[in-house]
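Architecture at a glance
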Amino acid sequence: MDWFQGFLIILNFNDMNKAVKNNFKSKSLALFSLLFVLLLSSCEEVVNLDLETGEAKIVIDAEILWNKDTDGKTQTIKISKMAPYYDTSTPKVSGAQVRVQNSEGVVFTFTETEPGSYVCNDFIPVLNTDYTLFVEAEGKSFTAVEKLTSVTPINKIEQRYMPDVSGPDLLVLSVFYSDPVDQENFYLTYFTTDFLKIPYYVISKDDFYNGNEIKDEFSDVDLKPGKTVKIVHRGISKSYYNYMNLIFQASEANPFATSPANIRGNIINTKNNSDFALGYFRLCEAVTTSYTMK
């Protein structure tokens, strides 16, 4: 065997070793990739919990909102029912009888214009006047009483940048309004814009600001220059403030904790107090405006 044949034998032996090693590496890589894919698949698997479905209570969304500088004649009340957690649609309640009566006995009838939506076009809003809601739906009678609450105007709207240690500075939108002196007041302001699925709510009271200027603020990582924000600033009653405060506390709590009690509004069943409707009948004077971020 000459040197050339010996070289070929050594070369073939080395190539065989390389092939075995590369084959082992390829198999190891393939196995690792498979395990990684399976791990990702298991992480992304959607788990639907078998949740117990309770009674489908009636939900009455009854807000009389009187924007300043408007006649407030057109008002809408919406009636629906609770749906199971995984449902993507909300059942509408049709065929209900809906009316609102003021303290002087004047009745305002709400007529169904589309499933679950009841509209009145001749409502007369009067500040500090009591109104009573009457609803007949699915053989049940509901009622609620509330006063139309005034609101103080917005003084100014400003924006500023707030340092954020986790990323770029955040834009903050601030709304300022003056609280009346020697008077207990409560406010609900919400902000809406194109990147929010639901409005951002702020509730305020004048415990520490009586007679002074109050500031409500909104900020979000997606709040950028050029974005337009709609602002609705309401005056609300103390009882409605307490109701909304409970809802906010519940929404910020541990989602796996047991709710201490049902959050009940002011809408009661006239024949069975335990079979109440969800929602709150409220009447608010409001200031509505928009602001484009700079």
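Cut-offs applied
- Residues numbered from 1 in each chain as written.
- Predicted model: local features only at pLDDT ≥ 70, side-chain atom pairs only at ≥ 80, totals over all residues.
- Heavy atoms only, no water.
- Helix = DSSP H or I, 4+ residues; strand = E, 2+ residues; numbered from the N terminus.
- Buried < 20%, exposed > 50% of the residue type's maximum accessible area, 1.4 Å probe, protein only.
- Contact = heavy atoms within 4.5 Å.
- Areas by Shrake-Rupley, 256 points an atom, 1.4 Å probe, with all protein chains shown as cover.
- Pairing = 2+ DSSP bridges.
- Axes fitted to C-alpha atoms, helices over the stretch in contact; angles between N-to-C directions.
- pLDDT = per-residue confidence, 0-100.
- Salt bridge = Lys/Arg side-chain N within 4 Å of Asp/Glu carboxyl O.

Along the protein, the regular secondary structure elements total two helices and 15 strands. Residues counted as buried form 33% of the 294 residues belonging to the protein. Across the protein, contacts joining residues at least 24 apart in sequence account for 64% of those joining residues at least 6 apart. For the protein, the exposed surface amounts to about 18,500 Å²; the carbon and sulfur share of it is 55%.

Let's shift gears to unusual backbone geometry. With a phi angle near 70°, Asp69 is a residue other than glycine that sits in the positive phi range. Mapped onto the fold, Asp69 is located in the loop between strand S1 (58-67) and strand S2 (75-81). In this structure, Asn128 takes a positive phi of about 60° despite not being glycine. With respect to the secondary-structure elements, Asn128 resides in the loop between strand S5 (117-120) and strand S6 (130-137).

Further remarks concern the pairing of S2. The pairing of S1 with S2 spans five bridges and is antiparallel. Each bridged residue has a counterpart across the sheet, and for Val59 the counterpart in S2 is Ser80. In terms of strand pairing, S2 meets S5 through four bridges, oriented antiparallel. Residue pairing in the sheet places Ile77 in a bridge with Tyr118 of S5.

Pairing is antiparallel across the open sheet formed by three strands, whose spatial order is S8-S9-S12. Two strands close off the open sheet at either side, each with one partner strand: strand S8 (154-162) and strand S12 (213-219). Neighbour to neighbour, the strand axes of the sheet diverge by 25° on average, direction disregarded. Pairing geometry for S8 and strand S9 (residues 170-178), over eight bridges, is antiparallel. Looking at the pairing, Arg160 lines up with Val172 of S9.

Looking at the protein as a whole, the pLDDT averages 84, with 78% of positions reaching at least 70. Counted against residues more than four places away or in other chains, residues 1-29, with its pLDDT under 50, gives two contacts.

Let us look at the pairing of strand S10 (residues 186-192). Successive residues of a regular strand alternate their side chains across the two faces of the sheet. Where burial is concerned, most of S10 is hidden: six out of the seven residues are buried. Across seven bridges, the pairing between S10 and strand S13 (residues 228-236) is antiparallel. Paired with Thr192 across the bridge in S13 is Lys230.

Residue placement: Glu285 occurs in strand S15 (residues 282-292). For Glu285, a relative accessible area of 5% gives the class buried. Filtering out sequence-adjacent residues up to four positions away, Glu285 remains in contact with Trp66, Lys68, Leu127, Leu148, Thr149, Ser150, Val151, His233, Arg234 and Gly235.

A separate point is the pattern of salt bridges. Applying the stated criterion to the full structure yields 14 salt bridges. For the salt bridge of Asp275 with Lys57, the shortest nitrogen-to-oxygen distance reads 3.8 Å. In this pair, Asp275 is assigned in the loop between strand S14 (268-269) and S15 and Lys57 in the loop between helix H1 (3-44) and S1, connecting sequence segments 218 residues apart. Just as Asp275 is buried, Lys57 falls in that class too.

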